[in-house]
Amino acid sequence: MKPVDRHLADILATVRPLAPLEVEIESALGAVLAEDVASPVPLPPFDNSAMDGYAVRAGDVAAVPVTLPVIGDVAAGDGGLNALGPGLVTRIMTGAPLPAGADAVVPVEWTDGGTARVRIDRPAPPGNAIRRAGEDVRAGDVVLREGARIGPAQIGILAGVGRRRVLVRPRPRVVVLSTGAELSEPGTPLGAGHIWESNSFMLAAAVREAGAEGFRAGSVTDDPKEFMDTLDAQLLRADAVITSGGVSMGAYEPVKEALSPLGTVTFEKVAMQPGMPQGFGVVGPDRVPIFTLPGNPVSSFVSFVLFVKPALRTMQGLPAGPPATVRATVTAPVRSPAGKRSYLRAVLTGETVAPVAGQGSHQLAALATANALIVVPEDETSLPEGAEVEVIPL
């Protein structure tokens, strides 16, 4: 059987980052930045007030209380030339440019709020309540580096430095297709011998959680021709394809039957449990990566975590490798078949991890209660309660 790490390495050696494209910043959410972004101006671009209050010379309010004449108002967005002489104050609003000559702002709460004359009851030291030009960003500073995931705050700073468009690696478009004659769409009556299809919903959600765009193509029966017709139609909108089911050693394995003759997809046994039957390769004229995962839901989900998620990171131009792990103490004995790396569903709490009841690869309800996978190495068949184990947080 093929080692888990080698299977992942082969996948990461095949997939490539998506080509960058320029988008409006409103469309950049979730994408990965493909350029460094620098600010053309300092931020703030000018000294301005951090509060509503009065612009003053600090020396004029050193001894309080003091009453001073108010010579005018400066509002946010005021583009005029304002100056302040000794013994005078100007009302000023949050974000408004600081008048020349002023070196402090007295918050309105420290005064009687006067408009012609104002009584100031607390001294304001030089620099009080002033946002200095460039204190956030200097002109020419890089505010976002290539490889940054773009979230709301990143869109905010892009707009804040005047960018309307930005170069990104887009979110990969991933089509998810389930196979099996026994599958029925949720919400429809359940016939004899049928189950409601869940894998495509689960995998499309996992794709979206991984920062890509997940599209369900529903399910097909065990007919290889129907599978290939559906796949060919979906390749037009896919940067990657995930299938579940149809890759094992049974008599009705449509994915394996349809793709094996192409010579571009390899089906192998990987030394893992759950998820031993795996397939990976490329399809179509654009050589779209395809991940053919086993049909049991837990096997499918674990395979996504181990193999598909790192590949999606590579496609987004992000560092990729095996899932990150932590160390924890297991609260019960665990077992694993010889020669296979096991991924046991578990609940991680602080520095302890408890295996969930129900470790079968079909037991989706047990998976839904888990927040971690206990990793049992290939050379271990059992670990006692209290053993330190490697854990993949989900």
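Values in this document were obtained by computation on a predicted structure and should not be read as measured data.

### Quick notes on the pattern of salt bridges
Applying the stated criterion to the full structure yields 21 salt bridges. Connected via shared salt-bridge partners are Glu22, Glu24, Glu26, Arg164 and Arg165.

### Comments concerning the pairing of strand E20 (residues 277-283)
Across the seven residues that make up E20, a large majority, seven, are buried. As judged from the five bridges shared by strand E18 (residues 265-269) and E20, these two strands associate in the antiparallel manner. Bridge pairing in E20 places Glu268 opposite Gln278. Pairing geometry for E20 and strand E21 (residues 288-293), over five bridges, is antiparallel. Bridging across to E21, Gly281 finds its partner in Ile290. Once E20 ends, the chain turns through four residues before running back antiparallel as E21, passing Gly284 with a positive phi of about 80 degrees.

### Looking at the pairing of strand E7 (residues 89-92)
Bridge count for strand E5 (residues 53-56) against E7 is three bridges, and the pairing is antiparallel. Bridging across to E7, Ala55 finds its partner in Thr90. Alignment of strand E6 (residues 66-74) against E7, held across three bridges, turns out to be parallel. Residue pairing across strands places Val74 opposite Ile92, the latter belonging to E7.

### Some words on unusual backbone geometry
Cis geometry is found at the peptide bond from Leu43 to Pro44, where omega equals -10 degrees. Cis peptide bonds are those with omega within 30 degrees of zero, and the linkage from Val64 to Pro65 qualifies with 0 degrees. Topologically, Pro65 is positioned in the loop between E5 and E6. Positive phi, close to 55 degrees, is recorded for Ala129, a residue that is not glycine. Backbone geometry at Arg287 places phi at a positive 50 degrees, although glycine is not the residue there.

### Some thoughts on the environment of Gly162
Locating Gly162 in the fold gives a position in the loop between helix H2 (152-160) and strand E12 (165-169). Distance from Gly162 to Val41, taken between C-alpha atoms, is 9.1 Å for residues 121 residues apart in sequence.

### Some words on the packing of aromatic side chains
Each aromatic ring pair is described using two quantities: the centre-to-centre distance and the angle formed by the ring planes. Enumeration over the complete set of coordinates arrives at one aromatic pair. Judged by centre distance (5.1 Å) and plane angle (45 degrees), the ring pair of Phe280 and Phe291 falls under tilted. With Phe280 in strand E20 and Phe291 in strand E21, the pair connects residues that are eleven residues apart, well separated along the chain. With respect to burial, Phe280 and Phe291 carry one shared label: buried. We note Arg122 situated over the ring of Trp110; from NZ or CZ to the ring centre the distance is 3.9 Å. For Arg216, the ring lying beneath its charged end belongs to Phe201, and the centroid distance is 3.7 Å.

### Things to note about the nonpolar core
Counting 37 residues, the largest nonpolar core has Ile242, Met272, Phe291, Phe304, Phe307, Leu312 and Tyr343 as its most contacted members. It is helix H6 (residues 297-315) that contributes the most residues to this core, eleven residues altogether. Those residues in contact with Phe304 that sit more than four places away from it in its chain are Leu203, Ala206, Val207, Ala210, Ile242, Leu293, Lys309, Pro310 and Leu312. Core analysis: the second largest hydrophobic core is formed by 19 residues, Val220, Leu231, Leu259 and Val288 among them.

### As for the sheet that holds E18
Sheet strands pair via backbone hydrogen bonds, and the direction of the pair is either parallel or antiparallel. Taken together, six strands build an open sheet; the order of strands is E16-E13-E17-E21-E20-E18 and the sheet is mixed. If you trace the sheet from one side to the other, it starts and ends with strand E16 (213-220) and E18, each paired once. Going across the sheet, the axis of each strand differs from the next one's by a mean of 15 degrees, ignoring polarity. The sheet contact formed by strand E13 (residues 173-179) and strand E17 (residues 240-244) spans five bridges and is parallel. When the sheet's bridge partners are listed, Val174 is paired in E17 with Ala240. Relative to E20, helix H1 (residues 4-14) is tilted by about 10 degrees, and along the sheet it contacts E18, E20 and E21.

What counts and how
Residues numbered from 1 in each chain as written. Predicted model: local features only at pLDDT ≥ 70, side-chain atom pairs only at ≥ 80, totals over all residues. Heavy atoms only, no water. Salt bridge = Lys/Arg side-chain N within 4 Å of Asp/Glu carboxyl O. Buried < 20%, exposed > 50% of the residue type's maximum accessible area, 1.4 Å probe, protein only. Helix = DSSP H or I, 4+ residues; strand = E, 2+ residues; numbered from the N terminus. Pairing = 2+ DSSP bridges. Phe/Tyr/Trp six-rings, centres within 6.5 Å; stacked < 30°, edge-to-face > 60°. Lys NZ or Arg CZ within 6 Å of the ring centre and 35° of its normal. Core = buried A, V, L, I, M, F, W, Y, C linked by side-chain atoms within 4.5 Å. Contact = heavy atoms within 4.5 Å. Axes fitted to C-alpha atoms, helices over the stretch in contact; angles between N-to-C directions.

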